[in-house]
Amino acid sequence: MSRDGDRVVSRSITLNQLGEFGLLQRLFRRIPSPSRTVLIGPGDDAAVLRASADRDWIVTTDMLVEAVDFNRAYSSFRQIGYKALAVNLSDIAAMGGRPVAFLVGLAAPGRTPVRTVDEIYRGMLTLARRYGVALIGGDVSAARQGIMISVMVLGLVEPGTAVTRSGAKFGDRIYVTGTLGDSRAGLEILKQKRRLKPSAMESTLIRRHFFPTPRVEFGRLLSRRGWATAMIDLSDGLASDLRHLCEASRVGARLEWNRFPVSAALAAYARRLNRSATDYALRGGEDFELLFTVNRARVAAVEAAAKRMALAVTPIGTIVSKGLGITLIGKESREIPLTVRGYEHFKHS
Ligand SMILES: [Mg+2]
């Protein structure tokens, strides 16, 4: 037995029992607290290091594992490569940084055709060119089973301006970029249809699943102007990621679910299945949009800037004091406590 925070945890406990977030918490405790060089350690979208008097480094890594994070039955290797880099760029965006360079670790069984590896890199490099990010190295290894791609991205930000999850204050408005829930619906369609030809509406949702748009430019604007008090990218789903932000900021939130931005494609898809688009928006993972909080005095400036960039940003709620937790409020102004969670590794495997 070992002391695991306030809990006594048996050493024979498995990862399934502990869950992804339990495991991360356990690992974080072994890491020293921030220093003059390490400004932000683990627990945010990325780590922040002091590079010089006029620059901070932002560093993040994310891994895609075959049969867990992707499935070759319904995605091409070019799509997988694109996404492996995109999810990391999204984490740099969530800190308000400018991505600069990346490294790739790749493990694959020896029987893998070289063409497969070429396709993965083709997907990554298409996106890298678009964002001006340089591939600077990595490592390859043989795997027994399945492909694993681990990407690490380095970014830069003006000193002390990286936006963390922990700065949300009572009264701040909660915003999201783009639309929510498309990626989850797209994945659902892929799983059902396999190789059947999808409709135009379904193709829109599938594209949103394969090709998320890292919101780097808007994230940069928010950090440079100091407009966002806290920020996170939506990887696990709104319900789960807002909870992360609220826990880090020690606040609660009131979400206005009838304001959730939902694409026309998702609205049509949900209607056809007689399901709620709001539910997709709340629980859908992998949107890779930005969730951020703004002091009320800055709301007009943020909305005007987003409009100039032709990017949809939508206020979806308000930060409240911690004891109130996260609640959903609808048209009838009845408040419902939010209990649904997003994706968590190990618990879902
Ligand atoms: Mg993130």
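See the structure above.
So, how was this worked out
Residues numbered from 1 in each chain as written. Predicted model: local features only at pLDDT ≥ 70, side-chain atom pairs only at ≥ 80, totals over all residues. Heavy atoms only, no water. Pairing = 2+ DSSP bridges. Helix = DSSP H or I, 4+ residues; strand = E, 2+ residues; numbered from the N terminus. Axes fitted to C-alpha atoms, helices over the stretch in contact; angles between N-to-C directions. Contact = heavy atoms within 4.5 Å. Phe/Tyr/Trp six-rings, centres within 6.5 Å; stacked < 30°, edge-to-face > 60°. Buried < 20%, exposed > 50% of the residue type's maximum accessible area, 1.4 Å probe, protein only. Expected span 1.5 Å × (residues − 1).

Draft legend 1. Structural view of the sheet that holds strand β9 (residues 173–177). Here 7 strands make up an open sheet; going across it, the order is β10-β12-β9-β13-β11-β14-β15 and the pairing mixed. On the outer flanks of this sheet lie β10 (228–233) and β15 (335–337), each paired with one strand and no other. Shown here is a sheet whose adjacent strand axes are inclined to one another by a mean of 30 degrees, direction ignored. Bridge count for strand β11 (residues 252–256) against strand β13 (residues 313–320) is 4 bridges, and the pairing is antiparallel. If you follow Leu255 over to β13, its bridge partner there is Gly317. Lying on the sheet, helix α7 (residues 238–249) is in contact with β9, β10, β11, β12 (290–294), β13 and β14 (326–329); it crosses β10 at an angle near 140 degrees.

Draft legend 2. The arrangement of the packing of aromatic side chains in detail. For the structure on display, the rule yields 5 aromatic pairs. Between Tyr175 and Phe292, the ring centres sit 5.6 Å apart and the planes meet at 10 degrees, which makes this aromatic pair stacked. Of this pair, Tyr175 sits in strand β9 while Phe292 sits in strand β12, and the two are 117 residues apart along the sequence. Residue classification places Tyr175 among the buried residues on the basis of a relative accessible area of 1%. Overall, Phe292 belongs to the buried group, its relative accessible area being 0%. Members of the aromatic cluster, each reached through a chain of ring pairs, are Tyr82, Phe210 and Phe211.

Draft legend 3. How the structure looks around α7. A rise of 1.5 Å per residue sets the reference length of α7, with its 12 residues, at 16 Å; its end C-alpha atoms lie 16 Å apart and thus fit the reference within 8%. The buried fraction of α7 is high, at 10 of 12 residues. The positive-phi residue at the C-terminal boundary of α7 is Arg250, with phi of around 55 degrees.

Note that every value here comes from positions in space, so none of it alone points to a role or purpose.
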